[in-house]
Amino acid sequence: MDMSQYRGLFLSETREHINNLNQLVVTLEQKPGNRETIDALFREAHSIKGMAATMGFDRTAQLSHHLEDLLDGFRDSGEVPSSTVDYLLAGIDLLDGLLDDLQSNQSERSIDVFLAETPHGKPIQVAETPKDNQGECSLAAAIEQEPEASTVVVEANVFQVLVDLAEDTPASAARGILILRELEKSGVLMSSKPDLSTLRSGAPCQQIHAWLRTSLNRMLIEEALLRISGVVKVRFIDDRRIQEGGDRDEGTHTIRVRTDLLDQFVNLSGELITNRYLLNTATAGRDWNQLTQTLSQTSRLIDDLYHHVLQARLMPLENITGRLPRIVRDLSRKTGKKVTLHLTGGEVGIDRAILEEVTAPLVHLVRNAVDHGIEKEGIVAVSALREKDLVLIEVADNGKGMDPEPLRQKAVDRGLLTSPQATALSDRDALMLVCQPGFSTAEEITEISGRGVGMDVVKAAVSKLGGTLEILSSPGQGSRFQMRLPLSIAIIKILLVNCAGQPLAMPISRVQRTLDLPTSEIRNSGQKRVFRLGEEVVNLYSLAEALGLPEVAAGETTWVVLIEIQGRRVGLQVDRFLGQREAFVKSLGFPLNLLTGLSGATVEGDGQVVFIIDPQSLIEDGQLFTNDCPGEFDALS
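Numbering of residues starts from 1 in each chain and follows the order in which that chain's sequence is written. Owing to the predicted nature of the model, reporting of local features is limited to residues with pLDDT of at least 70; listing and counting of side-chain atom pairs is limited to 80 or more, with chain, interface and lining totals taken over all residues. Side-chain numbers come from the whole structure's heavy atoms, not from hydrogens or water.

Next up on the list: the packing of aromatic side chains. Describing an aromatic ring pair means giving the distance of the ring centres and the angle of the ring planes. Think of it this way: a Phe, Tyr or Trp ring, Trp meaning its six-membered ring, pairs with another when their centres are within 6.5 Å, and the plane angle makes it stacked under 30 degrees, edge-to-face over 60, tilted otherwise. Inspection of every chain in the model, using the stated rule, returns three aromatic pairs. Measuring from ring centre to ring centre gives 5.1 Å for Phe 10 and Phe 57, while their planes differ by 50°; the resulting arrangement is tilted. Of this pair, Phe 10 sits in helix α1 (residues 7–30) while Phe 57 sits in the loop between α2 (35–55) and α3 (58–77), and the two are 47 residues apart along the sequence. Phe 10 sits in the buried class, given a relative accessible area of 0%. Think of it in three bands: residues with accessible area under 20% of the maximum for their type are buried, residues over 50% are exposed, and the middle band is partly exposed, with areas taken using a 1.4 Å probe on protein chains only. You can call Phe 57 buried: its relative accessible area is 10%. When the ring of Tyr 87 is compared with that of Phe 114, the centres are 4.6 Å apart and the planes differ by 15°; the resulting orientation is stacked. Residue Tyr 87 is found in helix α4 (residues 82–103), and its partner Phe 114 is found in helix α5 (residues 112–116); the two are separated by 27 residues along the sequence. Criterion for a charge above a ring: Lys NZ or Arg CZ within 6 Å of the ring centre, and within 35 degrees of the ring normal. Directly above the ring of Tyr 277 sits Arg 276, whose terminal nitrogen or CZ lies 5.0 Å from the centroid. Counting from the N terminus, the helices are the DSSP runs of H or I reaching at least four residues and the strands are the DSSP runs of E reaching at least two.

Shown next, in the form of structure tokens:
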């Protein structure tokens, strides 16, 4: 039997078993004599061994067999010695490395050195932490044609990397060389413009345009590049040649769906087919009442189909939180702190695509909580819950918390704010200063954090998904980092607006509220326009100006979309509102995907293409938004 068709399924299933192994070993370290945990570990290793042997992956099978034998001995004794825990974890990391080799279509790495070690000796340090790209599906279920859940297996991809340097960067050629060196560490640097020889000649450099093949998470690459002095922006563009050529391996995306959902899909498809004939009959007979009733019924069926499709794409958050106990355990030992991890809400479902992208931000927040928040001993809690059409993921700690006053002062010292502007900042806005590039609260640099890289990337990743990040903290009361994310990024609710005669859309998740303001209430303050909303003074920006479109003079009423940027509310002026609806979002291809502020497009019922804008990135990248803080507007009274 040709087993190559199950290669992707084997990789994802084994990732799941490795994830379980990590959790179980951490649990076992706390309760060495727990027989149920020892038995569960044995079963996980046994499952990997069987699947690897079936697939013909000899070293993976040999290593899992070695671990299985070791655990079988502990089943007899009823207890795992503490000196063996590190050895087991090193073996699990080596298994993870073997899977990386198989996923990259490389030969399995040697395991001889590890096998020569004894559990009571010093274990081989194969890897520092578990990999971020882990998936979940069942090889056995796929072979038996009984899938039950969904996952994606990540493999090496080719894409363009655009790295921008600040205009006044000194020794830009040297910075460019550092960028290329960093990209070489991340994967295979296929080409670059300018290339290494050009940079070595001292040619000026404002942007590096490179082609990179890598299996690393893009966020990790971006973090590394932003550590280089002078780098202000990093963008990634997928290789559209692969997408258009159809060479991408479709088997790398494997979804398992519960049989009851499949039955629902079949039933809904049957009803839609019936309704199609009813529509044809009503149209041919010009029976307008029947046509109206059938259209209404078809609309309800489509809504039902969308609901079930969304359910099929949802994956429990525990697919990524399951690796956190191992991460916290390793960090606790490295920092010498005693940290307890509490996990709740792992059953909450979230769209597969969002789950993939939120993994790295979640891990970073947990690492920050251990390194920054907890001083000597404490609790890190990761929780999730549904809030209507959003998912709230929170990382909290009971550590020292953050004081907004030193953050204000640091912003002044770095020239980000003037003293009056810093004083006018609310505590909530001051806490969001940690999301500024290079802004760190760490008193000293550690291996884990403190280089001012991370929170800005976390916020950017959350914003890219159409979500929001909020920080709640006070001295001595711990910190809470809350990510609110949409359930799906494929079908979203949008607000349609008119701008310079063109219909445009923006995700409802980006909109706080809409306003019909009397134009007379808008005042000028210096070069800015502002209006008062309750006790708050809000800056007003023009969507047409941000897009480079001709502006339409406002009449007696100014239509405003209220959004949030960098923790502050701002108004975005449009010509008028066109309503709300659900939309299927299509991604933009080259070169439209290079345009700042466009996140996708949708098609109207009349066939017209409507671009979906990301108001936050549009205003920030267009440099219309500054750190000027309202508060000195004498004209507003």
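Read on, since the account is not over.
Before going further, it helps to examine empty space enclosed by the protein. Empty space among the atoms becomes apparent when a probe as large as a water molecule is rolled across them. Two kinds of site are reported from a 1 Å grid over the protein atoms alone, namely cavities, where a 1.4 Å probe fits but cannot get out, and pockets, open sets with protein on both sides within 12 Å along at least five of seven lines, and residues are called lining when an atom falls within 4 Å of a point. Grid points are joined across faces, edges and corners, and a volume is the space filled by probe spheres set on the points. The tally for this structure, following the rule as stated, stands at four cavities of 30 Å³ or more. Counted as a void, the largest cavity has a volume near 50 Å³. Lining the largest cavity are Cys 499, Ser 542, Ala 544, Glu 551, Val 552, Gln 573, Val 574 and Asp 575. Ten residue types, Ala, Val, Leu, Ile, Met, Phe, Trp, Tyr, Cys and Pro, are classed as nonpolar, four, Asp, Glu, Lys and Arg, as charged, and the remainder, Gly among them, as polar. In the lining of the largest cavity, the residues fall into four nonpolar, two polar and two charged.

A few words on unusual backbone geometry. With an omega dihedral of 0°, the bond running from Lys 193 to Pro 194 counts as a cis peptide bond. Among the structural elements, Pro 194 can be located in the loop between β2 (188–193) and α8 (196–200). Backbone geometry places Ala 171, a non-glycine residue, at a positive phi of 50°. Residue placement: Ala 171 occurs in the loop between β1 (157–165) and α7 (172–186). Judged by its relative accessible area of 53%, Ala 171 is exposed. Residue Ala 500 is not a glycine yet carries a positive backbone phi of 55°. By secondary structure assignment, the location of Ala 500 is in the loop between β12 (491–499) and β13 (502–507).

Moving on, we come to the sheet that holds strand β11 (residues 479–486). Whenever strands of a sheet pair, they do so through backbone hydrogen bonds, lying parallel or antiparallel. As summarised here, the arrangement of the five strands in space is β6-β8-β9-β11-β10, forming an open sheet in which the pairing is mixed. At either end of the open sheet lies a strand with only one pairing partner, and these are β6 (338–343) and β10 (468–473). Geometrically, the sheet is characterised by an average inter-axis angle of 15° between neighbouring strands, direction not taken into account. Following DSSP output, two strands are said to pair if at least two bridges run between them. Direction of pairing for strand β9 (residues 390–397) relative to β11: antiparallel, over a ladder of eight bridges. In the sheet register, Ile 393 faces β11, and the bridge partner there is Met 483. Along the sheet face, helix α14 (residues 324–335) touches β6 and β8 (377–387) and points at about 170° away from the line of β6. For this analysis, residues touch if any pair of their heavy atoms sits within 4.5 Å. Simply put, an axis is a line fit to the C-alpha atoms, just over the touching stretch for a helix, and the angle between two N-to-C directions goes from 0 to 180 degrees. Strand contacts of helix α15 (residues 352–373): β6, β8, β9 and β11, with the helix running at about 175° to β11, the strand carrying the most contacts.

By the burial criterion, the buried members of helix α16 (residues 404–413) are Pro 404, Leu 407, Arg 408 and Ala 411. Relative to the axis of α16, the buried residues are bounded by an arc of 100° and lie together on one face. Buried positions along α16 lie against α17 (419–424) and α18 (427–431). The term polar contact refers here to a pair of N or O atoms within 3.5 Å; inside protein, the definition further demands a hydrogen-donor-capable atom paired with an acceptor-capable atom, and it admits residues adjacent in sequence only when both atoms are side-chain atoms. Its side-chain oxygen 3.1 Å from the backbone nitrogen of Glu 405, Asp 403 forms the N-cap of α16. After α16 finishes, the residue Gly 415 shows a positive phi value of roughly 80°. What the arc describes is the spread of directions from the helix axis to the C-beta atoms.

Packed helix pairs are specified by the crossing angle of their axes together with the interaxial distance, meaning the distance between the axes. Packing of α2 against α3 brings their axes to within 8 Å, and their N-to-C directions diverge by 155°. Relative to α3, α2 is oriented roughly antiparallel. Judged by the sense of rotation from one axis to the other, the crossing of α2 with α3 is left-handed. Counted together, Arg 35, Ile 38, Asp 39, Leu 41, Phe 42, Ala 45, His 46, Ile 48, Lys 49, Ala 52 and Ala 53 of α2 and Thr 60, Ala 61, Ser 64, His 65, Glu 68, Leu 71, Asp 72, Phe 74 and Arg 75 of α3 form the full contact between these two elements. A breakdown of the residues in the contact of α2 with α3 according to their chemical character gives 10 nonpolar, four polar and six charged. The labels follow the angle: roughly parallel below 35 degrees, roughly antiparallel above 145, roughly perpendicular from 65 to 115, and oblique for the rest. By the definition used in this description, the sense in which the near helix is turned from the far one sets the handedness, with an anticlockwise turn below a right angle giving left-handed and a clockwise turn giving right-handed.

Glancing now at the pattern of salt bridges. By salt bridge we mean one thing: a side-chain nitrogen of Lys or Arg within 4 Å of a carboxyl oxygen of Asp or Glu. On inspection of all chains with the given rule, the structure shows 24 salt bridges. Among the ionic pairs, Glu 387 bridges to Arg 484, the shortest N-O distance being 3.0 Å. With Glu 387 in strand β8 and Arg 484 in strand β11, the pair connects residues that are 97 residues apart, well separated along the chain. For Arg 569, the salt bridge identified is with Glu 536, shortest N-O distance 2.7 Å. Taken together, the positions of Arg 569 in strand β19 (residues 568–574) and Glu 536 in strand β17 (residues 536–542) put the pair 33 residues apart, joining distant regions of the chain.

Across the interface, α7 lies against helix α9 (residues 218–226) with an axial gap of 10 Å and an inter-helix angle of 155°. It follows that α7 is roughly antiparallel to α9 by the angle criterion. The handedness of the crossing between α7 and α9 is right-handed. Taking contact as the criterion, the partners of Ile 179, Glu 182, Leu 183 and Ser 186 in α7 are, on α9, Ile 221, Ala 224 and Leu 225.

So, about the pairing of β10. What you see with β10 is a clean split: Leu 469, Ile 471 and Ser 473 sit on the buried side and Thr 468, Glu 470 and Leu 472 on the side with no burial. Bridge analysis of β10 against β11 gives six bridges, and the strand direction is antiparallel. Counted as the bridge partner of Thr 468 is Arg 484 from β11. The loop that links β10 with its antiparallel partner β11 comprises five residues; one of these, Gly 476, has a positive phi angle of about 80°.

What follows is about the confidence of the model for the protein. Across the protein, the average pLDDT comes to 79, with 84% of residues at 70 or higher. The predictor attaches a confidence to each residue, and that confidence, scored 0 to 100, is pLDDT. Counting interchain partners and residues more than four positions distant, the pLDDT-below-50 stretch residues 240–252 has 12 contacts. Across residues 625–637 the pLDDT falls below 50, and counting only partners more than four positions away or on other chains, this stretch makes 40 contacts in the model.

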